[in-house]
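The chain contents come next:
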Amino acid sequence: MPASVLHRVARDLTAALAAVVLLGGAPPIHAQQPVPDAPPAWPEITRESRPWTRWWWHGSAVDETNLTDELEELRAAGIGGVEITPIYGVYGAEDRFIDYLSPRWMEVFTHTLREAERLDLGVDMATGNGWPFGGPWVGPEEASRYLAHRTYTLNGGERLQERIVLRQEPLLRAVGNQIYETYGEILAVPGQELEGTREQPLRRPGAREIDIAQLRDPVAQNEDLQSLALEQVRFPRELPLQRVIARSEDGQVLDLTERVGADGTLDWTAPQGRWTVYALFLGWHGKMVERAGPGGEGEVIDHFSDAALEHYLQRFDEAFSGYDLSTLRGFFNDSYEVDDASGEANWTPELFEEFRERRGYDLGEYLPALLFGAEGDTAARVLTDYRQTVAELLLEKFTEEWREWANEHGAITRNQAHGSPANILDLYAASDIPETEGTEIQRIKFASSAAHVTGKRLTAAEAATWLGEHFTSTLADVRRALDRFLLGGVNHLVYHGTAYSPQDAPWPGWLFYAAVHFNPQNTWWGDFGALNRYVARIQSFLQQGEPDEDLLLYFPISDWYARRQGDALLQHFNGIPGDPESRSHPFVQGATQLHERGYGYDFVSDAQLQEIEVEDGELRAEGGQYRALIVPRSTYIPLQTAERIFELARNGSTILAYRGLAEEVAGLAELETHSARLRELLGELRLRPVGDTGLQEAAIGEGRIVIGSDLDAMLGYVGVRRESMTDSGLEFIRRRHDDGTTYFVVNWGETPVDGWVPFASTARAVALYDPMTGESGYGHVRLASGGVEVHLQLQPGESAIIRLYDEERSGRPWHYLRPAGPPDTLEGTWTLRFVIGGPTPPQERRLTSLGSWTELEGEDVDAFSGSATYTLEFERPAGSASAYLLDLGEVHESAGVALNGDSLATLIGPSFRVKIPAERLRERNRLEVTVTNLMANRIADLDRRGVFWKRFYNVNFPARLRENRGANGLFDASRWEPFPSGLVGPVTLQPLQP
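Residues numbered from 1 in each chain as written. Predicted model: local features only at pLDDT ≥ 70, side-chain atom pairs only at ≥ 80, totals over all residues. Heavy atoms only, no water.

1. Structural notes on the sheet that holds strand β17 (residues 546–547)
Read from one edge to the other, the open sheet built from 6 strands follows the order β17-β30-β31-β37-β33-β34, with strand pairing classed as antiparallel. The outermost strands of the open sheet, each flanked by one partner alone, are β17 and β34 (776–778). Where strand β31 (residues 740–747) meets strand β37 (residues 799–805), 7 bridges bridge the pair, whose relative direction is antiparallel. When the bridges of β37 are listed, Val-745 appears paired with Ala-800. (Pairing = 2+ DSSP bridges. Helix = DSSP H or I, 4+ residues; strand = E, 2+ residues; numbered from the N terminus.)

2. Some words on the pairing of strand β1 (residues 52–58)
Of all 7 residues in β1, 7 are buried, a share of seventy percent or more. Both faces of β1 are covered, namely the face carrying Trp-52, Arg-54, Trp-56 and His-58 and the face carrying Thr-53, Trp-55 and Trp-57. Two strands pair when backbone bridges link them, and β1 and strand β16 (residues 492–499) are joined in this way by 4 bridges, in the parallel orientation. Among the inter-strand pairings, Thr-53 is bridged to a residue of β16, identified as Tyr-495. Handedness of the crossover is the feature at issue here: the chain leaves β1, passes through helix α2 (residues 64–76), returns alongside strand β2 (residues 81–87), and the resulting connection is right-handed. (Buried < 20%, exposed > 50% of the residue type's maximum accessible area, 1.4 Å probe, protein only. Right-handed = clockwise from strand over helix to strand, strands pointing away.)

3. A closer look at a negative patch on the surface
Together, Glu-310, Asp-317, Glu-318, Glu-401, Glu-404 and Glu-408 line one region of the surface with negative charge. In this structure, Glu-408 sits in helix α8 (residues 377–408). For Glu-408, a relative accessible area of 68% puts it in the exposed group. (Patch = residues over 30% accessible without salt bridge, like charges linked within 9 Å, V, L, I, M, F, W, Y side chains within 5 Å. Areas by Shrake-Rupley, 256 points an atom, 1.4 Å probe, with all protein chains shown as cover. Salt bridge = Lys/Arg side-chain N within 4 Å of Asp/Glu carboxyl O. Lys, Arg positive; Asp, Glu negative; His and termini not counted. Charge placed at Lys NZ, Arg CZ, Asp CG, Glu CD.)

4. So, the nonpolar core
What tends to happen in soluble globular proteins is that the nonpolar side chains get buried as a cluster. Residues Phe-316, Phe-320, Tyr-386, Phe-528 and Phe-744 are the most contacted members of the largest nonpolar core, which totals 210 residues. The element contributing the most residues to this core is α8, with 13 residues. Residues contacting Tyr-386, with those up to four places away along its chain left out, are Asn-346, Trp-347, Leu-351, Phe-355, Leu-363, Leu-370, Leu-569 and Leu-570. Listed in part, the 34 residues of the second largest apolar core include Leu-847, Phe-912, Ile-916 and Leu-921. (Core = buried A, V, L, I, M, F, W, Y, C linked by side-chain atoms within 4.5 Å. Contact = heavy atoms within 4.5 Å.)

5. Here we look at the environment of Tyr-884
Tracing the chain through its elements places Tyr-884 in strand β42 (residues 883–887). Once residues lying within four places of it in the same chain are set aside, the contact partners of Tyr-884 are Pro-877, Ala-878, Gly-879, Val-914, Lys-915, Ile-916, Ala-918, Leu-921, Leu-989, Gln-990, Pro-991 and Leu-992.

6. With respect to the packing of helix α17 (residues 639–650) against helix α18 (residues 671–682)
It is the contact of α17 with α18, at a shortest axis distance of 10 Å, that shows an interaxial angle of 25°. When the interaxial angle is binned, α17 and α18 end up roughly parallel. As α17 runs across α18, the sense of the crossing is left-handed. Contact residues: α17 offers Leu-639, Ala-642, Glu-643, Phe-646 and Arg-650, while α18 offers His-674, Arg-677, Leu-678, Leu-681 and Leu-682. Residue composition of the contact of α17 with α18, grouped by class: 6 nonpolar, 1 polar and 3 charged. (Axes fitted to C-alpha atoms, helices over the stretch in contact; angles between N-to-C directions. Parallel < 35°, antiparallel > 145°, perpendicular 65-115°, else oblique. Left-handed = near helix turned anticlockwise from the far one by under 90°. Nonpolar A, V, L, I, M, F, W, Y, C, P; charged D, E, K, R; others polar.)

7. Details of the side chain of Glu-83
Considering the arrangement of structural elements, one finds Glu-83 in strand β2. Polar contacts involving the side chain of Glu-83 include one to the side chain of Arg-54, which spans 3.0 Å. Among the polar contacts made by the side chain of Glu-83, one reaches the side chain of Thr-85 at a distance of 2.5 Å. Not counting chain neighbours up to four residues away, the residues in contact with Glu-83 comprise Thr-53, Arg-54, Trp-55, Asp-124, Phe-332, Arg-414 and Val-494. (Polar contact = N/O pair within 3.5 Å; in protein donor to acceptor, adjacent residues only side chain to side chain.)

8. A closer look at empty space enclosed by the protein
Scanning the entire structure with this criterion turns up 10 cavities of 30 Å³ or more. Volume-wise, the largest cavity comes out at about 150 Å³. Taken together, 15 residues line the largest cavity, and the ones lying closest to its centre are Lys-445, Leu-487, His-595, Tyr-599 and Phe-732. Broken down by secondary-structure element, the contributors of at least two residues to the lining of the largest cavity are α10 (441–454), α15 (586–597) and β30 (730–737). Within the lining of the largest cavity, the residues separate by chemical class into 7 nonpolar, 4 polar and 4 charged. Considered as a void within the structure, the second largest cavity measures approximately 120 Å³ in volume. Together, 15 residues line the second largest cavity, and Ala-229, Leu-230, Val-289, Glu-297 and Asn-954 are the ones closest to its centre. Those elements giving two or more residues to the lining of the second largest cavity turn out to be α4 (225–228) and β7 (230–234). (1 Å grid on protein atoms, 1.4 Å probe; cavity = no way out; pocket = protein on both sides within 12 Å on 5 of 7 lines; lining within 4 Å. Points joined across faces, edges and corners; volume = space filled by probe spheres on them.)

9. Looking at the packing of helix α5 (residues 306–320) against α8
Running from N to C, α5 and α8 cross one another at 25°; their axes reach a closest spacing of 10 Å. As far as their axial angle goes, α8 and α5 are roughly parallel. For the element pair α5 and α8, the recorded crossing hand is right-handed. Facing Asp-306, Leu-309, Leu-313, Phe-316, Asp-317 and Phe-320 of α5, the residues of α8 in contact are Lys-397, Phe-398, Glu-401, Trp-402 and Trp-405. Class assignment for the residues of the contact of α5 with α8 results in 7 nonpolar, no polar and 4 charged.

10. Remarks on the sheet that holds strand β38 (residues 824–825)
One open sheet holds the 4 strands; their spatial order is β38-β49-β42-β46, and the pairing between them is antiparallel. Either end of the sheet is taken by a strand with one partner, and the two such strands are β38 and β46 (913–917).

11. What to know about the pattern of salt bridges
Taken as a whole and judged by the stated rule, the model has 74 salt bridges. Among the ionic pairs, Arg-173 bridges to Glu-231, the shortest N-O distance being 3.1 Å. Residue Arg-173 is located in strand β6 (residues 171–174), and its partner Glu-231 is located in strand β7; the two are separated by 58 residues in the primary sequence. Here Arg-173 matches Glu-231 in class, with each residue buried.

Laid out in structure tokens, this is it:
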């Protein structure tokens, strides 16, 4: 079936289902129905409560007709908005390429804005082409830089005979000539041994070398940049000299910069003694914009320079002039990936001046400590001050300046701070919407914590970037990944992503190089709306109220700033550091224990602590309130932070010093004075033992500081609640409202939950909501020690919204599943009809037993990817049950269920069960189960037949797993065995009690 027909059919089916179930007309949560038997109302579904998607524009080869068509398909599938990110192009579509920010590009962009508004879709745009910020208009003065150095040794009376000059060694890395196994920490495949590294990536077999001598400087002047796919280019240039410092063996320091002539001759005779001369040069890092599309290829900007950012953004101001962008919601910045290349962009021309102004001393006097780690503790302190300065520049000169520019344009910023050489809590907090990515709860919580502490309503996530190999991820896999984000505090999910694909593109259309593929060409697109309704229902709750975390956990970043790792000057942060040395740190161990034991907490930075106040003994942040502050023991602590901790205690708060307090101030600036002040603060502690608990406590003003090594004991002593549901495999996130508390709970255990579950909150009524089906009702709640208990029924992988109310509520009761007898297997002759998909729908079959359709005769069933309908007629069961539970058993991979011509549900897993009211059954019934499999079998067929579908510039088409590489190094599915497909069963029907 042609791709255009597939698009239309999938869209029409999804639109019909969405019109019935999307809850667009549901009243807001505060407008409860007055009818006594009314179910609890769901919140209103908005464009922000629906999930969004990153919309890749390959080569910006878009047109108005196809843009409108795709926006309509996205809206019909339940998407709430798009983020436009232009990237590399597609072979054969060169005549459609549109240069980034050209007048034609602005025409299609503003058309998108108008059409999105018509369809009630939001729009963000990346502030650039690919990532990070950069482009052809970025010149040498604005490009990312690095510090290069040479050293010379002189004895007293000697003069330096050689000139102080340094020529940059040429370097060229081209993505098109290489295959990368390491796509970043978040994408590492557990257990897979890597063959290449960032510095020395694995080369693609037979790759054509590119000679840097064949390139023109600057890079933007070269032709065919899409084919070259340059990732990093350092031309052999003479590097500008920044500083020359001489240091004697006894520590005397002289600045000789002004004594270096234009030709590099040093006019200086070394005084008595032995001297080392350090010559510092500014190199060009050469990092290019990754995955750039036409008109966006160029060097990455210097993120530590506001002048560089201002020059970069001027190009947008010029392009935007005269166009109506009033409906653009925001600008997006991808994760900091400047240094995922050779070397690091670790300097900026004004760094020495900025350092002196911020730290109060001359960094040039401590070059041996900074560059080589000399002088032990001094080196750790200098490195801390250097990294703190870089962090402040990245925050002030880039993140905050970019946000102010966006706000001046009437837009917000959505920012991925992770990977930055800075305290990402502060960078996230400086964004209007912090955005995370990855798979670990602790990593996710860095973004949500910044949002919670600083009062941001939304926390976003780049979701489902790589869940497995291409074409193998199910909607159930995606759901599990999304649940993890939601449990980590995310409430604004953005799929990664949807590639624009014109109607005339042969199947599988235009695709992004990373899975998962949220495209209309995907076989499960017709069932995708069920997942999006699930997300929208959950986010409609999680976007209301305030975060309900009890604890602030201080992130002692100075300990990581002080740690030297090899020759690197920078350290990049993604969340909880996972290296072996970090795992024993009290901060890492404390965060892990808090999560596993069911405590609610947010991370807090040094800067954010300065904004925390105390009200009635609780810590009050802009976005919520907390019972206590946990300060894990660290080696170093900034004096300002230590003073603030003691001030919070004096004002009435509870401070929990897990394993003790730091005894060393961070950094070298005013070391003697700061150390004396810290000793003075610690001297205020008059510790007394707390019974036989092993804890110690000191009264500080109106508050207290409790010290201990048993975190559970400390939290129990000060009365912090614990959600013991985590002991049985349940995980949760809480939100606080004026009239109660909302929980999102997921059963990640291996066994069903059916019984009373403890909640560490008070309640006089409880409403239960099933976000997958849209059902709601008032459930059973009873008082219990430390809170209440709620009767829950959750299969493994299932989730629920639990709304606890402080006052009595009544209405339609929740229908608990109570079996009235054993399940009966539905048997008989099934008709199997292949309804949509390709390459060719197989002929209709009649089956007396169920199993994967790939086990049927014929090669066409092995190659088929799409949907097939299983039809069975059965008699009404005997008895007087009030309802029946239909269980499809094993399904590959999603299923739409209809009874007697009426749709019952779309099931995406992990369980495939649906409740059927008894009145829906007739004496003779017709069950239709439309099962959709993965794209994988059809893709494997294309590769076996040698069909040319991998047609992309830049990254053309990498396998995540080594075993899926072909001889040319690209993804190759030709060796795949057919993936199980269809309804395997057994299909059962179980009577239920009222």
